[in-house]
Amino acid sequence: MKLRNSLMFAAMSLMASGGVWADALTGDVEKQPLNIAAIVMFFIFVGFTLGITVWASKQNKSTKDYYTAGGGISGFQNGLAIAGDYMSAASFLGISAMVFTSGYDGLIYSTGFLVGWPIVLFLVAERLRNLGKFTFSDVAAYRLGQTPVRLFAASGAILVVIFYLIAQMVGAGKLIELLFGLDYIYAVILVGVLMVCYVLFGGMLATTWVQIIKAVMLLSGATFMSFMILKHAGFSFETMFKQATDIHEKGTHILGPGPLVKNPIDAISLGMALMFGTAGLPHILMRFFTVPDAKEARKSVFVATGLIGYFYLLTFIIGFGAIIFVTKDNPHFFHQVMKEGKSVYELIGGNNMAAIHLSEALGGNLFLGFISAVAFATILAVVAGLALSGASAVSHDIYASVIRKGQATQQEEMRVSKMTTLALGVLSIIFGVMFESQNVAFMVGLAFAIAASANFPVLMLSMFWKNLTTRGAVAGGFTGLILALVLIVLGPTVWVSVLHHEKAIFPYGNPAIFSIPAAFIVGWLVSILDNSEQAKKDREGFESQYVRSMTGIGAADASDH
Amino acid sequence: MDKQTARKVLENPEFQKMERQKSMLGWGFSAIILIMYFSFIWIIGSNPDLLRTPVSANGITTWGIYVGIFVIVFSFVTTGIYVSIANGKFEKMTQDVVKSVRGEK
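Note that the structure is a prediction, hence the values are computed from the model and not measured.

1. Section: the overall build of chain B
And then number 1: From N to C terminus, chain B includes four helices and zero strands.
And then number 2: Listed N to C, the secondary structure of chain B is α-α-α-α in terms of helices and strands.
And then number 3: For 105 residues, the compact-globule estimate of 2.2 N^0.38 gives 13 Å, and the C-alpha radius of gyration of chain B, at 22 Å, exceeds that figure by more than 25%.
And then number 4: Here the C-alpha coordinates of chain B stretch approximately 70 × 25 × 20 Å along the principal axes.
And then number 5: Taken as a whole, chain B presents about 5,500 Å² of accessible surface, with 65% of it coming from carbon and sulfur.

2. What to know about the packing of aromatic side chains
And then number 1: By the definition in use, this model includes 37 aromatic pairs over all chains.
And then number 2: Relative to Y508 of chain A, the ring of F506 of chain A lies with its centre 5.7 Å away and its plane at 75°, an arrangement referred to as edge-to-face.
And then number 3: Given the relative accessible area of 11%, F506 of chain A is considered buried.
And then number 4: Measuring from ring centre to ring centre gives 5.2 Å for F70 of chain B and F74 of chain B, while their planes differ by 25°; the resulting arrangement is stacked. With F70 of chain B and F74 of chain B both in helix α4 (residues 63-104) and four residues apart, this pair spans about one turn of that helix.
And then number 5: Assessed through its relative accessible area of 46%, F70 of chain B is described here as partly exposed.
And then number 6: Cluster of aromatic residues (ring-pair linked, three or more members): Y86, F92, Y109, F113, W117, Y164, F311, Y312 and F448 of chain A.

3. A look at unusual backbone geometry
And then number 1: The backbone of A69 of chain A sits at a positive phi, close to 55°, despite the residue not being glycine.
And then number 2: The residue A69 of chain A is located in the loop between α3 (63-68) and α4 (75-86) in this model.

4. Notes on the nonpolar core
And then number 1: Of all hydrophobic cores here, the largest spans 222 residues; its most connected members are F45 and F320 of chain A.
And then number 2: Every residue in contact with F45 of chain A, bar those within four places of it in the chain, is listed here: Y198, V210, I213, M217, A377 and L380 of chain A.

5. Description of the pattern of salt bridges
And then number 1: The full count for this structure, using the stated rule, is 14 salt bridges over all chains.
And then number 2: Residue E126 of chain A is joined to K22 of chain B by a salt bridge in which the shortest nitrogen-to-oxygen separation is 2.7 Å. Separated into two different chains, E126 of chain A in helix α7 (residues 116-131) and K22 of chain B in helix α2 (residues 13-46) make up a pair that spans both. Assigned by exposure class, E126 of chain A and K22 of chain B land together as buried.
And then number 3: Across the pair R298 of chain A and E91 of chain B runs a salt bridge, and its minimum N-O distance is 3.2 Å. Taken as a pair, R298 of chain A in helix α14 (residues 294-325) and E91 of chain B in helix α4 lie in two separate chains rather than in one.
And then number 4: With relative accessibility at 2%, the residue R298 of chain A sits in the buried group.

6. Quick notes on the interface of chain B and chain A
And then number 1: Each side of the interface is counted separately: chain B has 50 residues, and chain A has 53 residues.
And then number 2: Taken over both partners, the interface formed by chain B and chain A buries close to 4,900 Å², and the fraction arising from carbon and sulfur atoms is 76%.
And then number 3: Viewed at the interface, chain A and chain B are joined by three salt bridges.
And then number 4: For the salt bridge of E543 of chain A with R7 of chain B, the shortest nitrogen-to-oxygen distance reads 2.3 Å.
And then number 5: The set of elements that each furnish at least two residues to the side of chain B that touches chain A consists of α1 (3-11), α2, α3 (48-52) and α4 of chain B.
And then number 6: The element that contributes the greatest number of residues to the side of chain B that touches chain A is α4 of chain B, accounting for 19 residues.

7. Notes on the packing of helix α2 (residues 36-59) of chain A against helix α10 (residues 184-232) of chain A
All names here are of chain A.
And then number 1: Packing of α2 against α10 brings their axes to within 8 Å, and their N-to-C directions diverge by 105°. Our classification of the angle between α2 and α10 gives roughly perpendicular. Across the interface between the two elements, F42, F45, V46, F48, T49, L50, I52, T53, W55, A56, S57 and Q59 of α2 pack against L190, L194, C197, Y198, F201, G202, L205, A206, W209, V210, I213 and M217 of α10.
And then number 2: Here the contact of α2 with α10 is built from residues that sort into 19 nonpolar, five polar and no charged.

8. A closer look at the packing of helix α9 (residues 146-180) of chain A against α10 of chain A
Residue and element names in this part refer to chain A.
And then number 1: The contact between α9 and α10 brings their axes to 8 Å, and the two run at 130°. By the angle between their directions, the pair α9 and α10 is classed as oblique. The crossing of α9 and α10 is right-handed. Contact residues: α9 offers L165, M169, V170, A172, G173, K174, I176 and E177, while α10 offers Y184, A187, V188, V191, G192 and M195.
And then number 2: Looking at side-chain class alone, the contact of α9 with α10 contains 10 nonpolar, two polar and two charged residues.

9. Structural notes on the pairing of strand β2 (residues 342-347) of chain A
All names here are of chain A.
And then number 1: Two elements, strand β1 (residues 334-339) and β2, share six bridges in a ladder whose sense is antiparallel. By the bridge assignment for β2, M338 is matched with S343.
And then number 2: What sits between the antiparallel neighbours β1 and β2 is a turn of two residues, in which E340 has the positive phi angle 50°.

10. Description of the side chain of T135 of chain A
All names here are of chain A.
And then number 1: Of note, T135 is situated in the loop between α7 and α8 (136-140).
And then number 2: With a relative accessible area of 6%, T135 lands in the buried category.
And then number 3: At 3.0 Å, the side chain of T135 forms a polar contact with the side chain of D397.
And then number 4: For T135, the contacting residues outside a window of four places in its chain are R150, F289, S392, A393, H396 and D397.

11. Looking at the confidence of the model for chain B
Residue and element names in this part refer to chain B.
And then number 1: With 97% of its residues at a pLDDT of 70 or more, chain B shows a mean pLDDT of 92.
And then number 2: Within chain B, α1 has the poorest average pLDDT of any element, 89, and α2 the best, 94.
And then number 3: Our summary of model confidence lists the complex with pTM equal to 0.90 and ipTM equal to 0.95.

12. Examining the environment of T49 of chain A
Residues and elements named next belong to chain A.
And then number 1: With respect to the element layout, T49 can be found in helix α2.
And then number 2: A C-alpha to C-alpha distance of 37 Å links T49 and P331, two positions 282 residues apart in sequence.
And then number 3: Residue contacts for T49: discarding those within four places in its chain leaves Y198, V210 and I213.
And then number 4: At 2.9 Å, the side chain of T49 forms a polar contact with the backbone oxygen of V46.

13. Looking at the side chain of S401 of chain A
Residues and elements named next belong to chain A.
And then number 1: With respect to the helices and strands, S401 occurs in helix α15 (residues 354-403).
And then number 2: For S401, a relative accessible area of 14% puts it in the buried group.
And then number 3: If we skip the residues at most four places from it in the chain, S401 touches R150, H396 and G406.

14. Here we look at helix α12 (residues 264-278) of chain A
And then number 1: The end-to-end C-alpha distance of α12 of chain A, which contains 15 residues, comes to 21 Å, matching closely the 21 Å that a straight helix rising 1.5 Å per residue would cover.
And then number 2: By the criterion of burial, α12 of chain A is predominantly enclosed, with 14 of the 15 residues buried.

Rules and cut-offs
Residues numbered from 1 in each chain as written. Chains lettered and ligands numbered in written order. Predicted model: local features only at pLDDT ≥ 70, side-chain atom pairs only at ≥ 80, totals over all residues. Heavy atoms only, no water. Helix = DSSP H or I, 4+ residues; strand = E, 2+ residues; numbered from the N terminus. Rg over C-alpha atoms; globule rule 2.2 N^0.38 Å. Areas by Shrake-Rupley, 256 points an atom, 1.4 Å probe, with all protein chains shown as cover. Phe/Tyr/Trp six-rings, centres within 6.5 Å; stacked < 30°, edge-to-face > 60°. Buried < 20%, exposed > 50% of the residue type's maximum accessible area, 1.4 Å probe, protein only. Core = buried A, V, L, I, M, F, W, Y, C linked by side-chain atoms within 4.5 Å. Contact = heavy atoms within 4.5 Å. Salt bridge = Lys/Arg side-chain N within 4 Å of Asp/Glu carboxyl O. Buried area = accessible area lost by both parts, 1.4 Å probe. Axes fitted to C-alpha atoms, helices over the stretch in contact; angles between N-to-C directions. Parallel < 35°, antiparallel > 145°, perpendicular 65-115°, else oblique. Nonpolar A, V, L, I, M, F, W, Y, C, P; charged D, E, K, R; others polar. Left-handed = near helix turned anticlockwise from the far one by under 90°. Pairing = 2+ DSSP bridges. Polar contact = N/O pair within 3.5 Å; in protein donor to acceptor, adjacent residues only side chain to side chain. pLDDT = per-residue confidence, 0-100. Expected span 1.5 Å × (residues − 1).

What follows is the structure, given as structure tokens:
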């Protein structure tokens, strides 16, 4: 198999640029030979999940069923589904690849993705459950002027969904090309069509089960791999590290911080985006409306944090396992290529394939097929959640609340939601084709930055600060949104890596350290200067909102009609 | 919810107690997580050699690995503690408040 590829994955390219987003697969890949075992297992997964979709479509009668599975998901199930929504294929492949190439840095990255969850639990989850119905805009706009705040919150949600979706689609196309040997275009269409099927017919119920099944598959696969690695090391981490550092060219350096974090400001800014972005991702926040009450909402974050934390520990072990088992002397994994006149070893399929090759080394071709199918299933689960969240922002916030001022019937609202889902499916296929050869790694960063700088501050202020007014929320929210967008474009990730300018105008890869405080400050300033009639109403509404957020009084009745 | 019910709840001493304790717990735990995580990142950025030191003289496993794993495990443990308190004690207090306010109506 002669392959030449210049695969540059997110983790690697961003390490050089200072900002890091291991959450998208980018760059050129070369098609692999058809992998029959993987395709068969993937179709079993698809058949099974489509069966669930058919079942779910029969349960869906109202908008409440459609958007939130009727609020009948248990805390444990929702925890699994949140984990399934959050553990993307790129974080599985990207983080294990990061450990494979530079060891400890992968762990630094994982911690950032995890620490947002406790914050979601302590400050957001139960209040969100008690106040909202279908979308986080319900909460942001609870006591404020509906039209302006919903328009802002819906734009925040839709932008996050679109950027995230593009990154996932391009990643999916490349991954499937690599794993299954299918053409990029077929892969993108397949993902788009399946996403529409799940969401259009099955709504939240089907999406939830796709996420649960995927989470179980991913966690079992990763557990098996880690078990085999630890068994080889006699169940001793010290031995495992010893085996790995003996092989790795950087030796014991891989057991400490490497090239990832050079500049504490950029690192803290990245940490802020990861942490507060998690608490502002619309498709994640939406999951809290699927449980019956605040108690189950809390339980679901506990379960999700445990599973996600466990998953990151596994990817750390898997990365070290790849160092031990996926070695340069094995022509199955590495091939020699000429680069700048020198012969160098390159991992077949690119660096992000470390975990995939490892699965073959540990469990043979059948297990390789299983892990490949899991990686694809993972993408499907994530895009389905995104599509549903985007559709609800358009139908529930923009159409039903802003355009129809709450007068739309459930049928009308659902029709708009389904049309939006279809449109999102078509759009995501078009984006997938359009961005095929673009570096889209920054888009995940953009999604997190907008979630952290626009959605999160407005949500926090509206829940905790009684003097927030409609004007303050909109001004603060748009400040965060625009600042995050502009600073990312002017920063090294887009200005230098994508637009190929010599030097970045904004020196940091992550704007969060500036854009989050800016959103809070503008929101605060505009609110205290606001003496309008609306502002008076906004402030008066706080008391009952606060009581409901703390006790849930009124939450159950509100979701019944 | 009408204003009167909201007032009634706000004036309920049991609610005030629950509100105080819950916000102390929620913000306190958030502060702990924030301080832990950002000092971790700060050390990586400013003094990475600290994390490269092996824990024992004859081993190679570094402090950094222990600290990184600790951050993950500790995040999980704190969510567990919070959920057990909030779903137990606070939930009971809340239900008592709801009952007494509803009963008075």
